[in-house]
Number of protein chains: 2
Amino acid sequence: MAMHYLECIAISFGKPNTNCENSSYNEEINLNSISFNKLLFSKEISEMNILSANELTTLAYRKVKEMILSDELKPGQKIVQDKLALDLGISRTPLRSALQILEAEHLVQSIPRRGVIVRKISDQKIVEIYDCRIALECMAVRNFIEIATEKQILKFQKFFKNFDTEKPFDSKTYQEEDIKFHNYIIENCGNEFLTRLFQQGNLVLCISQIGLIRPPSETLLEHRAIIQAIGDRDIPKAVALAEDHLEKSKFLVMEKIERESLRKQNG
Amino acid sequence: MAMHYLECIAISFGKPNTNCENSSYNEEINLNSISFNKLLFSKEISEMNILSANELTTLAYRKVKEMILSDELKPGQKIVQDKLALDLGISRTPLRSALQILEAEHLVQSIPRRGVIVRKISDQKIVEIYDCRIALECMAVRNFIEIATEKQILKFQKFFKNFDTEKPFDSKTYQEEDIKFHNYIIENCGNEFLTRLFQQGNLVLCISQIGLIRPPSETLLEHRAIIQAIGDRDIPKAVALAEDHLEKSKFLVMEKIERESLRKQNG
DNA sequence: ATATTGTATACGGTATACAAAATATATGCA
DNA sequence: TGCATATATTTTGTATACCGTATACAATAT
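### Quick word on the sheet that holds strand 1 (residues 78-79) of chain A
Where strands meet in a sheet, backbone hydrogen bonds hold them as pairs that are either parallel or antiparallel.
Residues and elements named next belong to chain A.
Logical step 1: Ordered in space as 1-3-2, the three strands form an open sheet in which the pairing is antiparallel. Looking at the sheet topology across the chains shown, the edges are occupied by strand 1 and strand 2 (108-111).
Logical step 2: Relative to strand 3 (residues 115-118), strand 1 runs antiparallel, the two being bridged by two bridges. Of the residues in strand 3, the one forming a bridge with I79 is V116.

### Regarding the layout of surface pockets
A water-sized probe rolled over the atoms picks out the places where empty space is left.
Logical step 1: Empty space within the second largest pocket amounts to approximately 1000 Å³.
Logical step 2: Taken together, 41 residues line the second largest pocket, and the ones lying closest to its centre are I134(A), A135(A), C138(A), M139(A) and A135(B).
Logical step 3: For the lining of the second largest pocket, the secondary structure elements donating two or more residues are helix 5 (123-147) and helix 11 (235-265) of chain A together with helix 5 (123-147) and helix 11 (235-266) of chain B.
Logical step 4: Counting residues per element, the lining of the second largest pocket draws most heavily on helix 5 of chain A, at twelve residues.
Logical step 5: For the lining of the second largest pocket, the class distribution of residues is 19 nonpolar, eight polar and 14 charged.

### Description of the protein's contact with DNA strand D
Logical step 1: Neighbouring DNA strand D are 24 residues; S91(A), T93(A), R114(A), R92(B) and R96(B) lie closest to it.
Logical step 2: Backbone atoms, meaning sugar and phosphate, form 71% of the atoms of DNA strand D found within 4 Å of the protein.
Logical step 3: Here a phosphate oxygen of DNA strand D and a side-chain polar atom of R96(B) are 2.7 Å apart.
Logical step 4: Of all the elements in the fold, those that place two or more residues in the surface near DNA strand D are helix 2 (55-69) and helix 4 (92-104) of chain A together with strand 1 (78-79), helix 3 (81-88) and helix 4 (92-104) of chain B.
Logical step 5: Considering every element that reaches the surface near DNA strand D, the biggest residue donor is helix 2 of chain A, with three residues.
Logical step 6: Here the surface near DNA strand D is built from residues that sort into five nonpolar, nine polar and ten charged.

### Section: the sheet that holds strand 2 (residues 108-111) of chain B
Logical step 1: Here we have three strands laid out as an open sheet, ordered 1-3-2 (chain B), and antiparallel in their pairing. Strands at the two margins of the open sheet, each flanked by one partner only, are strand 1 and strand 2 of chain B.

### Notes on the pairing of strand 3 of chain A
Residue and element names in this part refer to chain A.
Logical step 1: Because side chains alternate across strand 3, one face comprises the buried residues G115 and I117, and the other comprises V116 and V118, equally buried.
Logical step 2: Relative to strand 3, strand 2 runs antiparallel, the two being bridged by four bridges. The residue of strand 3 that forms the bridge with I111 is G115.
Logical step 3: In sequence, strand 2 turns back onto strand 3 through a hairpin of three residues, with R113 there showing a positive phi of about 65°.

### Section: unusual backbone geometry
Residues and elements named next belong to chain A.
Logical step 1: One non-glycine residue, D71, lies in the positive phi region at around 70°.
Logical step 2: Positionally, D71 belongs in the loop between helix 2 and strand 1.
Logical step 3: The class for D71 is partly exposed, based on a relative accessible area of 36%.
Logical step 4: Although it is not a glycine, N202 adopts a positive phi angle of roughly 50°.
Logical step 5: If you trace the backbone, N202 turns up in the loop between helix 8 (192-201) and helix 9 (203-208).
Logical step 6: Owing to a relative accessible area of 3%, N202 belongs among the buried residues under this scheme.

### Some thoughts on the protein's contact with DNA strand C
Logical step 1: Around DNA strand C, the structure places 21 residues, and the nearest of them are R92(A), R96(A), L56(B), S91(B) and T93(B).
Logical step 2: Taking the atoms of DNA strand C that fall within 4 Å of the protein, sugar and phosphate contribute 73% of them.
Logical step 3: For DNA strand C, a phosphate oxygen lies 3.0 Å from a polar atom in the side chain of R114(B).
Logical step 4: Secondary-structure elements contributing two or more residues to the surface near DNA strand C are strand 1 and helix 4 of chain A together with helix 2 (55-69) and helix 4 of chain B.
Logical step 5: Looking at the surface near DNA strand C element by element, the count peaks at three residues for helix 2 of chain B.
Logical step 6: Its residues assigned to classes, the surface near DNA strand C shows five nonpolar, eight polar and eight charged.

### Notes on the nonpolar core
Logical step 1: One finds L136(A), I230(A), L136(B) and I230(B) to be the most contacted residues of the largest nonpolar core, which totals 134 residues.
Logical step 2: The contact partners of L136(B), leaving out residues within four places of it in the chain, are C132(A), A135(A), L136(A), L197(A), L194(B), L197(B), F198(B) and L203(B).

### Comments concerning the packing of aromatic side chains
All names here are of chain B.
Logical step 1: Per the stated rule, a full pass over the model turns up 22 aromatic pairs over all chains.
Logical step 2: Judged by centre distance (6.0 Å) and plane angle (90°), the ring pair of F159 and F181 falls under edge-to-face. With F159 in the loop between helix 6 (150-156) and helix 7 (171-187) and F181 in helix 7, this residue pair connects regions lying 22 residues apart in the sequence.
Logical step 3: Judged by relative accessible area, which is 13%, F159 ranks as buried.
Logical step 4: On the basis of relative accessibility, which here comes to 1%, the residue F181 falls in the buried class.

### Some remarks on the confidence of the model for chain A
Residues and elements named next belong to chain A.
Logical step 1: The share of residues in chain A with pLDDT of 70 or more is 80%, and the mean pLDDT across the chain is 79.
Logical step 2: Put simply, helix 1 (residues 43-46) is where chain A has its lowest mean pLDDT, 31, and helix 5 is where it has its highest, 98.
Logical step 3: When the criterion is pLDDT under 50, residues 1-50 qualifies, and its contacts beyond four places in sequence or with other chains add up to 99 contacts.

### Considering helix 11 of chain A
Residue and element names in this part refer to chain A.
Logical step 1: Relative to the 45 Å expected for 31 residues at 1.5 Å per residue, helix 11 spans 44 Å between its end C-alpha atoms, a close match to the ideal helical length.
Logical step 2: Buried within helix 11 we find A238, V239, A242, H245, L246, S249, K250 and V253.
Logical step 3: Among the structural elements, helix 5, helix 7 (171-187) and helix 10 (216-231) are those in contact with the buried residues of helix 11.
Logical step 4: For helix 11, the N-terminal cap is D234; the gap from its side-chain oxygen to the backbone nitrogen of K237 is 3.2 Å.
Logical step 5: Directly beyond the C-terminal end of helix 11, a positive phi value near 80° is found at G267.

### What about the pattern of salt bridges?
Logical step 1: Within the structure shown, the criterion is met by 26 salt bridges over all chains.
Logical step 2: Close ionic contact of K65(A) with E105(A) constitutes a salt bridge, the shortest N to O distance being 3.2 Å. Here the residue K65(A) occupies a position in helix 2, and E105(A) occupies one in the loop between helix 4 and strand 2, the gap between them amounting to 40 residues. Just as K65(A) is buried, E105(A) falls in that class too.
Logical step 3: In this structure, the salt-bridge partner of E150(B) is R233(B), at a minimum N-O distance of 3.2 Å.

Cut-offs applied
Residues numbered from 1 in each chain as written. Chains lettered and ligands numbered in written order. Predicted model: local features only at pLDDT ≥ 70, side-chain atom pairs only at ≥ 80, totals over all residues. Heavy atoms only, no water. Pairing = 2+ DSSP bridges. Helix = DSSP H or I, 4+ residues; strand = E, 2+ residues; numbered from the N terminus. 1 Å grid on protein atoms, 1.4 Å probe; cavity = no way out; pocket = protein on both sides within 12 Å on 5 of 7 lines; lining within 4 Å. Points joined across faces, edges and corners; volume = space filled by probe spheres on them. Nonpolar A, V, L, I, M, F, W, Y, C, P; charged D, E, K, R; others polar. Near = heavy atom within 4 Å. Polar contact = N/O pair within 3.5 Å; in protein donor to acceptor, adjacent residues only side chain to side chain. Buried < 20%, exposed > 50% of the residue type's maximum accessible area, 1.4 Å probe, protein only. Core = buried A, V, L, I, M, F, W, Y, C linked by side-chain atoms within 4.5 Å. Contact = heavy atoms within 4.5 Å. Phe/Tyr/Trp six-rings, centres within 6.5 Å; stacked < 30°, edge-to-face > 60°. pLDDT = per-residue confidence, 0-100. Expected span 1.5 Å × (residues − 1). Salt bridge = Lys/Arg side-chain N within 4 Å of Asp/Glu carboxyl O.

Below is the structure:
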């Protein structure tokens, strides 16, 4: 049963005289018309070079994702495709494509013949995500130290330079820096698959959605300590610090769950 | 700028008198008409309760995924949507939806206005996936031992019961058992997010695609040792064994990369 | 007053139609 | 014959139409 589409091997891709010559097809696309939420969509974390540029699909994907992560579309809320498509100025087809992707990312749930609703990221899920991050980021720190060039280390040491415990700073900017900091390690540890896994599962973004878990005064010192240990290429110390850093935030979320569980019991 | 679709909160879901009463919407759907590749699509690993039952989309998703993982659709090959849709007996719309999902899973790459091609999973990627699996599965083993009930342990100890080093056995069946074994730990360690991450990233399936890396005679003993250690609830030992088990396979793939790299240099 | 059934409407899922783009083919010219 | 340009064909991406199902609401029965 030889299927006839098996014959259509792609041999002519990347030919000269196309607008894709000599470039990776993973290149990102720019849709300047959309104004991004800087925090949630900082270049490092979600230019989503995973995705291709089905222009309107990409537009819808980004916009809807932004709406979900910024709580403009609320958990449990049903997304009425006609209305949302109208609002975005596109037809339902690309919107539905975008929703398929968001469903694969688990940000949205499709119920057959009912529609698509926004998923809720429970605190329990946040704890679970933290456990995954701890496992993966510790691995990333280890590998990063092993393979990082001096140049990479130097660039890494620039993180949080502009933040000072003395004078107050914008917490949104701080959170953005936090995201970039963690992503830098992930993206430079020599494991491309890891980067993709983080993007696919929104491991960083999902947690960021609930805002800062601990005050910068606390985490800034930890970040600095991690930077120091990595600069010294002290693997055991860096891994321990990174683990502790995430573990502490996770613990706070666990405490919150505990508190709310007790409150429920006591009425 | 209050958007009008914000008002359409889904409140009436799960009403009685519908055919969805009292049931989770995550329930799986059965499309008996499709014959699955048992190995690649064993119930445990990919009934994909993540996905909703857009019936034809789901059908296309499964079928195309199976075709990719079984090498019926080969890496680099272009998927001509018209032809494939015709072959599957559906229109391009649900096929395209399926391809969107597969792209999010990175099994396929979409190039704007050119088409969709099947991605190649390089040996280098396999190594990267192994690193992620080592980090995550060690965490899973630890948590599984901590929370597993006696019943779960007992069920777990049944794995590989029917395999004997003395008499030969079907390697496909063995690989299937291997997949189930690893998935059992992942799915019972109390971290639902982890399960999803494995499904989303195809962490187990991608590696299985290249077939058995080491002979069962070797891995069977390791599997048994892990089972033993978990049965004893010996966390350090179990984690060490699990890590070693994966690390050994990873090492073989790394050696293969090395060999091929040398062969290339020497012509 | 409450429950039940029937009907209207809204909405989701799929197929199809159409336009834009890319690839393949043909034509003309050196 | 070989290359450049023009034309035809294929194929993708988007919009829209259609159909079936789910929900809402009203009318009727209990």
